[in-house]
There are 2 protein chains.
Amino acid sequence: MEMLSCHLNRSSDVPLYEQLYDYIKNEIIEGRIEHGSKLPSKRKLSEYLKISQNTVETAYDQLLAEGYAEGIPRKGYYVLAYEDLEYVQPKDTPSAEKVEAREKMKYHFHPSWIDTENFPFAKWRKYAKNMIDKEHHSLLLLGDMQGEAELRQEIAHYLYHARGVQCSPDEVIIGAGSEILLQQLILLFQKETVYGVEDPGYHMISRILKNYANDVYPLGVDEEGLKVKQIENTNIDVVYVTPSHHFPYGSVLSVNRRIQLLKWARGSKKRYIIEDDYDSEFRYSGKSIPSLQSMDQSGKVIYLGSFSKSLIPSLRISYMVLPKELLQRYKQELSFYQCTVSRLDQHILARFMREGDFERHLNRMRKIYRKKLDKTLELIKPYNDKVEVIGEQSGLHIVLVVKNGMSEEELVEKASLAGIQIYPLSSYSLEKRLKKTPMMILGFAGIPEADLEHAIRMLFRSWEMV
Amino acid sequence: MEMLSCHLNRSSDVPLYEQLYDYIKNEIIEGRIEHGSKLPSKRKLSEYLKISQNTVETAYDQLLAEGYAEGIPRKGYYVLAYEDLEYVQPKDTPSAEKVEAREKMKYHFHPSWIDTENFPFAKWRKYAKNMIDKEHHSLLLLGDMQGEAELRQEIAHYLYHARGVQCSPDEVIIGAGSEILLQQLILLFQKETVYGVEDPGYHMISRILKNYANDVYPLGVDEEGLKVKQIENTNIDVVYVTPSHHFPYGSVLSVNRRIQLLKWARGSKKRYIIEDDYDSEFRYSGKSIPSLQSMDQSGKVIYLGSFSKSLIPSLRISYMVLPKELLQRYKQELSFYQCTVSRLDQHILARFMREGDFERHLNRMRKIYRKKLDKTLELIKPYNDKVEVIGEQSGLHIVLVVKNGMSEEELVEKASLAGIQIYPLSSYSLEKRLKKTPMMILGFAGIPEADLEHAIRMLFRSWEMV
């Protein structure tokens, strides 16, 4: 090749080498510089274009790096042959697509919602400020795969005192949500494992299980919790259960059934129980229900806990406590998974717990939620010919059995038209079985206390009960 | 039953109702109160024990809640029959097990380590402080499943300008690490999907794939990157590749092979390419290598990116850009997965990017890493009869071909004895094939500049080269 007649714009923001690189690359792509041809020497081209040899070298290096040319020692730079896919320059900036706004509902009775107004922002901010500091720079690097030792220690301590869960910090594994932990658990079980889940129950759980497992059996629930007897004539290996506070019914798994369940699990090496203790912190009368794990003598219970209800849903911190055998398997097979929670966040939370702020927060929130629940029940009372309440002992939601003649669908739709979001029980049912009398989940935690009256009145008006 | 001779300790910290509940529960468990027997009425027991009826009621309610007794309207409380599993009270506090201390090595040449001393803590702290505020209380609730719109917008903007990646914020999905995103991706592909991975390569990726997929094929790599021709006679459906900077060799996938790869992908509906652009921000000569995604006209490239190298590994924020067809499938099948990254963290990062701090940080770190790399190469130069360097164009690590006669194992062990952590290439090889001449990965980013000389001298001394 003779020379490259490249026009360089010296007043452009684009560096000269980049202009030259772009020019040559395009010439190659468009076929105006033939494959196999030799590029001008750096010295010649720099003289011709009146730029430094360095600039030419940088442009050539880039072409080399991307594979458009090759350098042959003592010979020069040659254009490489390349395959003829239509190769187009990037188009213009993508149109900044309108980001979907969250549906603008006035009141959300979603069971995952918590009270956000009474969160101790000042304390959390203080601990965050302390933690985000040069002094802790090593926390920027990857940490312990199971989660930070400091946080696991706090969790183990809390679990023992609040839930009777017996574990050492080494048995605790921290993850960004129960879903993530469940996915790890699934990997610890064999591929043919058959799961049993409460129905109705957490739909998230059954959907995740269904993504991996062949068989997921729905198991019925009544006022004593999961109907354990149903398991006995199945080939279920692992049962997912919410013993302290069934989601969404709110029933407690009775001692009798707990014992049946533990006995069943002991019947085979493959059997395990996943105990999801998602909101046991909020029980409003008496003391909290002991965890199933605390009754287990045979290493058959996997304990799942979360800070979603007790602290912040969007923080995404959950944990599981593995029985010995599974822990061993975890360490052998899965300990290469990086912990999914930010280390700084883990340390902020550990500090929050160590200083007693978590306990104070729980005590305070228990009172606030209790007040919200009492008020909710009081507001519903006048309508008790048309609305029956289930599960009012604990947690952040209740179940309404609505007997105004409307179907579940109608109830949801009417509420929605009034700007109120509320979910039917059937949306938590694996088999989408509709009850004869429609049931609705009423998460009261997210509604400010001052708005409760208005929210419930609006809801009942939309249901034509007022 | 006559009466319950329970001794209550009025000066104890344990509430009276709890002492009573504990007493009765134990009597039931130990068989001293028979199943089916009636408990004393609340009035009688309160008179007998000289406590309030309320206290008795609370104790009874707890027994009811846990299923030890049942209340029969107008009759009283009856002890329920329960199965006879030995049921033991929780043991003492678990011994606070010694938390394993991280191996105390003096120098870590781990390729995942970054420079932690030059992180802009003050800026990050400022944005965190602003974000952790009552004003943003709604951020405590769960957010968008794909990740916060604000952050996705910043990522899309950054990707277009820095990497030529064409995407709208709607196509970006945020997750707590590439492993998490990869697990979601796997769910979008069919179960029989066959994967191809670079070998050597990121062992994490192949291990995750192996957990889910039947077949994972190792594919060779040379100085032009992945040997694409190898794919053609296989039944591989999805290829995982690091085109901008092969891990760990550091080679760039040439234009020729890029085109071959894109062509291959167009050959069948099932075929896809996963482009992991893990550290493309750090290229020290010329401009950065364009992403493969920017050359793709057929929606066949899934772009994977992360803030682990460019910002903080322990923050656990990664993202993927899905082509249209997969995005649609994702929205239909997987959008019930909660985003795994803390919302507050997402907003802090979005602010950091919006204000230009991310770009400033990258520019600054590029200079710092370049200096560290130059110094490293300079320190190695005198030994170039025994050590050859590969992949010194970019990234946070180089590869050393060590020709001092020692085996990989010896090299690792000798270094370890001198307090230096360094990894052999074979630990990133799926087939654990050992090269004739041992290769070691030298991650230079995490060593403070002032220590580099000492660290490398110590390393070479341990290898008996000094």
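Predicted model only: the values in this text are computed from it and were never measured.

Calculation notes
Residues numbered from 1 in each chain as written. Chains lettered and ligands numbered in written order. Predicted model: local features only at pLDDT ≥ 70, side-chain atom pairs only at ≥ 80, totals over all residues. Heavy atoms only, no water. Buried < 20%, exposed > 50% of the residue type's maximum accessible area, 1.4 Å probe, protein only. Helix = DSSP H or I, 4+ residues; strand = E, 2+ residues; numbered from the N terminus. Right-handed = clockwise from strand over helix to strand, strands pointing away. Pairing = 2+ DSSP bridges. Axes fitted to C-alpha atoms, helices over the stretch in contact; angles between N-to-C directions. Polar contact = N/O pair within 3.5 Å; in protein donor to acceptor, adjacent residues only side chain to side chain. Contact = heavy atoms within 4.5 Å. Parallel < 35°, antiparallel > 145°, perpendicular 65-115°, else oblique. Left-handed = near helix turned anticlockwise from the far one by under 90°. Salt bridge = Lys/Arg side-chain N within 4 Å of Asp/Glu carboxyl O. pLDDT = per-residue confidence, 0-100. Least-squares fit on C-alpha atoms with pLDDT ≥ 70 in both. Buried area = accessible area lost by both parts, 1.4 Å probe. Expected span 1.5 Å × (residues − 1).

**Some details on the pairing of strand 10 (residues 272–276) of chain A**
Residues and elements named next belong to chain A. A large share of strand 10 lies buried, amounting to 5 of its 5 residues. Between the parallel elements strand 9 (residues 238–241) and strand 10, the chain passes through helix 8 (residues 255–266) in a crossover that is right-handed. Taken together, the 4 bridges between strand 10 and strand 11 (residues 301–306) define a ladder with parallel strand orientation. If you follow Ile274 over to strand 11, its bridge partner there is Ile302.

**Side note on the environment of Ser168 of chain A**
Mapped onto the fold, Ser168 of chain A is located in the loop between helix 5 (149–163) and strand 4 (172–175). Through-space distance from the C-alpha of Ser168 of chain A to that of Arg152 of chain A is 8.5 Å; in sequence the pair is 16 residues apart.

**Side note on the sheet that holds strand 5 (residues 195–198) of chain B**
Residue and element names in this part refer to chain B. Strands sit in the order 4-12-11-10-9-5-6 across an open sheet of 7 strands; the sheet is mixed. Each edge of the open sheet is held by one strand with a lone partner, namely strand 4 (172–175) and strand 6 (216–219). For this sheet the average axis-to-axis angle between neighbouring strands, irrespective of direction, equals 20 degrees. Of the pairings in the sheet, the one linking strand 11 (residues 301–306) to strand 12 (residues 318–321) comprises 4 bridges and is antiparallel in character.

**Description of the side chain of Arg152 of chain B**
Residue and element names in this part refer to chain B. Assignment of secondary structure puts Arg152 in helix 5 (residues 149–163). Classification of Arg152 as buried rests on a relative accessible area of 4%. A polar contact of 2.9 Å, which involves the side chain of Arg152, links it to the backbone oxygen of Pro169. Not counting residues up to four positions away in its chain, the partners in contact with Arg152 are Asp144, Gln146, Gly147, Pro169, Asp170, Val172 and Ile174.

**Re the packing of helix 2 (residues 42–49) of chain A against helix 3 (residues 53–66) of chain A**
Residues and elements named next belong to chain A. Relative orientation of the contacting elements helix 2 and helix 3 amounts to 120 degrees, with a least axis distance of 8 Å. When the axes of helix 2 and helix 3 are compared, the pair comes out oblique. Taken as a pair, helix 2 and helix 3 cross one another with a handedness that is right-handed. Taken together, the residues of helix 3 that come into contact with helix 2 (itself represented by Lys42, Arg43, Leu45 and Ser46) are Gln53, Val56, Glu57 and Tyr60.

**Observations regarding the environment of Val238 of chain B**
Residue and element names in this part refer to chain B. The residue Val238 is located in strand 9 (residues 238–241) in this model. Along the primary structure Val238 and Asn211 are separated by 27 residues, whereas in three dimensions their C-alpha atoms are 16 Å apart. When sequence neighbours within four positions are dropped, the list of residues in contact with Val238 reads Phe189, Thr193, Val194, Tyr195, Gly196, Trp264, Lys270, Tyr272 and Ile274.

**Considering the pattern of salt bridges**
If you walk through the whole model with that rule in mind, you get 42 salt bridges over all chains. Measuring nitrogen to oxygen at the nearest pair gives 3.5 Å for the salt bridge that ties Glu179 of chain A to Arg316 of chain A. Remark: Arg316 of chain A occurs in the loop between strand 11 and strand 12 (318–321) and Glu179 of chain A occurs in helix 6 (residues 178–188); sequence separation between them is 137 residues. In this pair, the class of Glu179 of chain A matches that of Arg316 of chain A, namely buried. Between Asp357 of chain B and Arg360 of chain B there is a salt bridge, with its nearest N and O atoms 3.2 Å apart. With Asp357 of chain B and Arg360 of chain B both in helix 11 (residues 357–380) and 3 residues apart, the pair spans about one turn of that helix. Using a relative accessible area of 48% as the deciding quantity, one classes Arg360 of chain B as partly exposed. Residues joined by salt bridges that share partners form a network here, namely Lys123, Asp357 and Arg360 of chain A.

**Observations concerning the confidence of the model for chain A**
Residues and elements named next belong to chain A. A residue-level look at chain A finds 94% of positions with pLDDT of 70 or above and a mean pLDDT of 90. Note on residues 85–102: pLDDT under 50 across the span, and 33 contacts to partners over four residues away in sequence or across chains. Across the assembled chains, the prediction reports ipTM 0.87 with pTM 0.87.

**Concerning the relation of the copies chain A and chain B**
Each copy of the chain is related to the other by a rotation around an axis and a translation along that axis. Its rotation angle being 180 degrees, the transformation that places chain A on chain B also includes 0.0 Å of axial translation and leaves an RMSD of 0.1 Å. Both copies of the chain, as the preceding transformation shows, are related through a two-fold rotation axis. A share of 99% of interface residues in chain A that are also interface residues in chain B marks the association as one of identical surfaces.

**Things to note about the interface of chain A and chain B**
Each partner contributes to the interface: chain A provides 103 residues, whereas chain B provides 102 residues. Both faces combined, the contact of chain A with chain B buries some 10,000 Å², and carbon together with sulfur accounts for 60% of it. Joining chain A to chain B, the criterion identifies 2 salt bridges. Residue Arg125 of chain A is joined to Asp133 of chain B by a salt bridge in which the shortest nitrogen-to-oxygen separation is 3.5 Å.

**What to know about helix 1 (residues 16–29) of chain B**
Residue and element names in this part refer to chain B. Across its 14 residues, helix 1 extends 20 Å between first and last C-alpha, which sits within 8% of the 20 Å expected from 1.5 Å per residue. Of all 14 residues in helix 1, 10 are buried; the element is thus mostly enclosed. In this fold, the buried residues of helix 1 make contact with helix 2 (42–49), helix 3 (53–65) and strand 2 (76–79). Remark: Gly31 follows helix 1 within two positions and exhibits a positive phi of approximately 85 degrees.

**Comments concerning the sheet that holds strand 17 (residues 439–443) of chain A**
What links the strands of a sheet is backbone hydrogen bonding, and the strands pair in either a parallel or an antiparallel sense. Residues and elements named next belong to chain A. Strand order in the open sheet formed by 4 strands is 13-14-17-16, with antiparallel pairing between adjacent strands. If you trace the sheet from one side to the other, it starts and ends with strand 13 (387–390) and strand 16 (423–424), each paired once. Pairing analysis gives 4 bridges linking strand 13 to strand 14 (residues 397–402), with the strands arranged antiparallel. By the bridge assignment, Val389 is partnered in strand 14 with Leu400.

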